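Given next are the chains, with one letter for each unit.
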Amino acid sequence: GNGRMGVVYNGNAASDKLQFSSRIRAVFTMSGETDGGLAFGGTFRADNAGGAANGSAGNIFISGAFGKLAMGDVVGAAEEVIGDLPEIGFTDLSGGLVLNANDNDVLFLTGDGNIYASAGNPGALYTYSTGGLTFALGMNDGNNNLSGAAFDDTQAYSVGVKYAVDAYSVSLGYEVADPSVGTSAKHLIIGGEATFGTTTVKAYYGDGSGAIAGLKHYGLGVTHKMDALTLKAYVKRTEVGAADATGYGLGAAYSLGGGATVEGGIVDNNVAGSKPRADLGIKFTF
Amino acid sequence: GNGRMGVVYNGNAASDKLQFSSRIRAVFTMSGETDGGLAFGGTFRADNAGGAANGSAGNIFISGAFGKLAMGDVVGAAEEVIGDLPEIGFTDLSGGLVLNANDNDVLFLTGDGNIYASAGNPGALYTYSTGGLTFALGMNDGNNNLSGAAFDDTQAYSVGVKYAVDAYSVSLGYEVADPSVGTSAKHLIIGGEATFGTTTVKAYYGDGSGAIAGLKHYGLGVTHKMDALTLKAYVKRTEVGAADATGYGLGAAYSLGGGATVEGGIVDNNVAGSKPRADLGIKFTF
Amino acid sequence: GNGRMGVVYNGNAASDKLQFSSRIRAVFTMSGETDGGLAFGGTFRADNAGGAANGSAGNIFISGAFGKLAMGDVVGAAEEVIGDLPEIGFTDLSGGLVLNANDNDVLFLTGDGNIYASAGNPGALYTYSTGGLTFALGMNDGNNNLSGAAFDDTQAYSVGVKYAVDAYSVSLGYEVADPSVGTSAKHLIIGGEATFGTTTVKAYYGDGSGAIAGLKHYGLGVTHKMDALTLKAYVKRTEVGAADATGYGLGAAYSLGGGATVEGGIVDNNVAGSKPRADLGIKFTF
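Residues numbered from 1 in each chain as written. Chains lettered and ligands numbered in written order. Predicted model: local features only at pLDDT ≥ 70, side-chain atom pairs only at ≥ 80, totals over all residues. Heavy atoms only, no water.

## Quick notes on the relation of the copies chain A and chain B
Here is step 1 of the chain: Rotating chain A by 120° about the axis while translating it 0.1 Å along that axis superimposes it on chain B, leaving an RMSD of 0.0 Å. Here the copies are linked by what is in effect a three-fold axis. Within chain A, the C-alpha atom positioned nearest to the axis of rotation is that of Ala 46 of chain A, 3.7 Å from it. (Least-squares fit on C-alpha atoms with pLDDT ≥ 70 in both.)

Have a look at this one:
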């Protein structure tokens, strides 16, 4: 399980900008093996047990020499190989702003977030690794962080490939969300990561076409470790035609050992009228 | 816990007849013993923890020389001794059609399904076995698969007896659902089961009276095992006055060992306009 | 985990005064320790996992030489040091009547019950003990059992102190609920407990001012143990200006060992037209 407790500051709140925040959660992890040596298992949390029971939360997998097939609330193939920028703050200060400006999460068309998987109709993700190469293939209901409902509950496909060697990796993803009515949205995204000693740098560039032509987004994240202390930062920019937004985050985490970490951070963006959000607290893993 | 993943085909769906389907669930099983040697315990799933906390899901029991008393989402006494036909497919292809035609579940008046137990007002089932004889006595809110709301939240009573000797058993059940307004519904049902080597055959015949006079239903199920493979089939017919429906199902399960089973099946019925449903996937127990 | 099964009688019900009642629940308890020796942990139930994941149910804490800080669905500081009267019956016969007359729970302004903690905005409770002294300090959204909505979602503060020596203790609590509009509600409450052999007696007196001027409430509870049998009783009176209500409860519990207890009780009050409620059943801990 895991938990956290602390205070959260939201500059955009009308009142009560400073709030307590806490949570505690249990994680179920299950595994088994067939007589023929195939591994199977899955994971979900007690608080999303209802969703896990209908395929819209958690996930279940079977794996073997053929690779790994997972179903449920899985990420898309592009997100699988590219991932997100570093999480900031003990609450992962994220969510809510126009153009996805105030969030360490990179924008993906498919499988990004647990709202894409509808009850009884989960997503599927197939992955296969050999040497430094990883291939991923995803299929699910589409969801677009940018234009929400338009691409909900449509069929979506994603493919990703990642090549990692020593301390470097480069990834390429392509996704298509196919609404029942209207034009398909297409998204090509490239990412790279490099580790220099205790510093890891990550960058990505994504480009939309079809229904989301004119979308460009790119960002950079840095993680730097010094013994028990980890510093994290990101900057990202999203452009949709003439509109654009730049967001940034800065955080620090200090490990107390035994699964406890003091963590805090601040995120902000250049959208007119938007104010910073920040938090400080303790995270636990049990 | 348990889980499953695969694909489901629903011929009756307007679009997207073929869908992914997956789920993963955790099961809590608890037990204890008093100083005097009475056993007690219960079981429920994480995804119905809310219902288990108010008596409308899961169940709890105490047992001893006097028999066993269980409360919560228990079956009625008739279902306890007669049971259902074999489950078809990795998702237990069931539910939804007129006259209960497309479902391996036998129709019972009381305690059939977890909607009969209302919050804070669970059902109760008492069972006692001696030699080959089993007696069952149930009491709960009534629920009728056939006419739904009319018998919801009414008091219901059921009694059942089963006699098993060697590879044969015969069962008899009688149930009464007593609505606050109007006539009682009564249901007499007889069932039998016989095992020949690795083949088990099961049959039942049920007859309604009172508010459900004119209801007749009967069916046959067969389970045949060949090493890791199990074949399953059923046919059942429900008549209500002049109306009738016949449903059938055919399925196969292949055990991979370690708790993993590949399973698939098809169900259909003779209702005009109704199309087959089928599935194929893997089931896991952890 | 824990569970219970039995029958409940509610004299105030329009019909079906006698009902079955059962439940079964799982409890998650988590703990850890930092390298520097701080203990941390938390607890919640499977059926309130959703609330625990947003801070409105369960709780999480960190403790050390500085004391203990807990967040989530914690009690207020006054309730922490004074507590409630003995629980009556296997279902804790409580709830629902005017002036809180029919309930072993003592009336508190802050943190009383899990409705005060809103999603993402949990309560916080700090406690520190040294010798026989305990200090408590609480802060959370306000909630008033008496006038409900008026004090919901307002900031609230509470402070408590308890001194225990041998078989005696005395406690003092003070709470303020500060609505966004209108007058603050203030509440001063004093309590004491004494144990004579196998008998424990508990008493309290509380007095409201500000928005709840005219509120007075006081009560007495007794718990008496004889081997496996425990007898419990309480009487309490609440006055609001000219209105008043007196409630009382009487119960008995008999331990069967192994975590099973037969328990029953009756509660009633002097409110015109109100009838007794009673229950009898078995409680289990697993």
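## Let's talk about the interface of chain C and chain A
Here is step 1 of the chain: Contact residues are listed per partner, giving 33 residues for chain C and 26 residues for chain A.
Here is step 2 of the chain: The contact between chain C and chain A buries some 2,100 Å² in all, and 74% of this surface belongs to carbon and sulfur atoms.
Here is step 3 of the chain: Counting the surface chain C buries against chain A, the share from its top three residues, Met 30, Phe 40 and Ile 60 of chain C, is 28%.
Here is step 4 of the chain: Here chain C and chain A share 0 salt bridges between them. (Contact = heavy atoms within 4.5 Å. Buried area = accessible area lost by both parts, 1.4 Å probe. Salt bridge = Lys/Arg side-chain N within 4 Å of Asp/Glu carboxyl O.)

## With respect to the side chain of Thr 230 of chain B
Residue and element names in this part refer to chain B.
Here is step 1 of the chain: Note that Thr 230 resides in strand S14 (residues 229-240).
Here is step 2 of the chain: A relative accessible area of 15% places Thr 230 in the buried class.
Here is step 3 of the chain: Beyond its immediate stretch of four places on either side in the chain, Thr 230 contacts Thr 223, His 224, Lys 225, Gly 251, Ala 252 and Ala 253. (Helix = DSSP H or I, 4+ residues; strand = E, 2+ residues; numbered from the N terminus. Buried < 20%, exposed > 50% of the residue type's maximum accessible area, 1.4 Å probe, protein only.)

## Some remarks on the interface of chain A and chain B
Accessible area lost when the parts come together is the quantity often used to give the size of an interface.
Here is step 1 of the chain: Listed as interface residues are 33 residues of chain A and, on the opposing side, 26 residues of chain B.
Here is step 2 of the chain: The junction of chain A with chain B conceals about 2,100 Å² of combined surface from both sides, 74% of it contributed by carbon and sulfur atoms.
Here is step 3 of the chain: On the chain A side of the interface with chain B, the three residues burying the most area are Met 30, Phe 40 and Ile 60 of chain A, jointly 28% of the side's total.
Here is step 4 of the chain: Taken together, chain A and chain B are joined by 3 residue pairs in polar contact (both at pLDDT 80 or more).
Here is step 5 of the chain: Listed by contribution, the elements that provide at least two residues to the side of chain A that touches chain B are strand S3 (27-33), strand S4 (39-45), helix H1 (49-52), strand S5 (59-64) and strand S6 (67-72) of chain A. (Polar contact = N/O pair within 3.5 Å; in protein donor to acceptor, adjacent residues only side chain to side chain.)

## Overview of the relation of the copies chain C and chain A
Here is step 1 of the chain: For the pair chain C and chain A, the superposition axis carries a translation of 0.0 Å, the fit reaches an RMSD of 0.1 Å, and the rotation angle comes to 120°.
Here is step 2 of the chain: When the interface residues of chain C are mapped onto chain A, a mere 3% of them are again interface residues, pointing to distinct binding faces.

## Some details on the pattern of salt bridges
Here is step 1 of the chain: Summed over the entire model, instances satisfying the criterion amount to 21 salt bridges over all chains.
Here is step 2 of the chain: Between Asp 207 of chain A and Lys 216 of chain A there is a salt bridge; the shortest N-O distance is 3.3 Å.
Here is step 3 of the chain: Look at Asp 207 of chain A and you get partly exposed, because its relative accessible area is 28%.
Here is step 4 of the chain: With its nearest N and O atoms 2.9 Å apart, the salt bridge here joins Arg 45 of chain C to Asp 47 of chain C.

## Some details on the pairing of strand S2 (residues 18-25) of chain A
Residues and elements named next belong to chain A.
Here is step 1 of the chain: Where burial is concerned, most of S2 is hidden: 6 out of the 8 residues are buried.
Here is step 2 of the chain: Relative to S2, strand S1 (residues 2-10) is paired through 8 bridges, and the arrangement is antiparallel. Residue pairing for S2: Gly 3 is matched across the bridge by Ile 24. (Pairing = 2+ DSSP bridges.)

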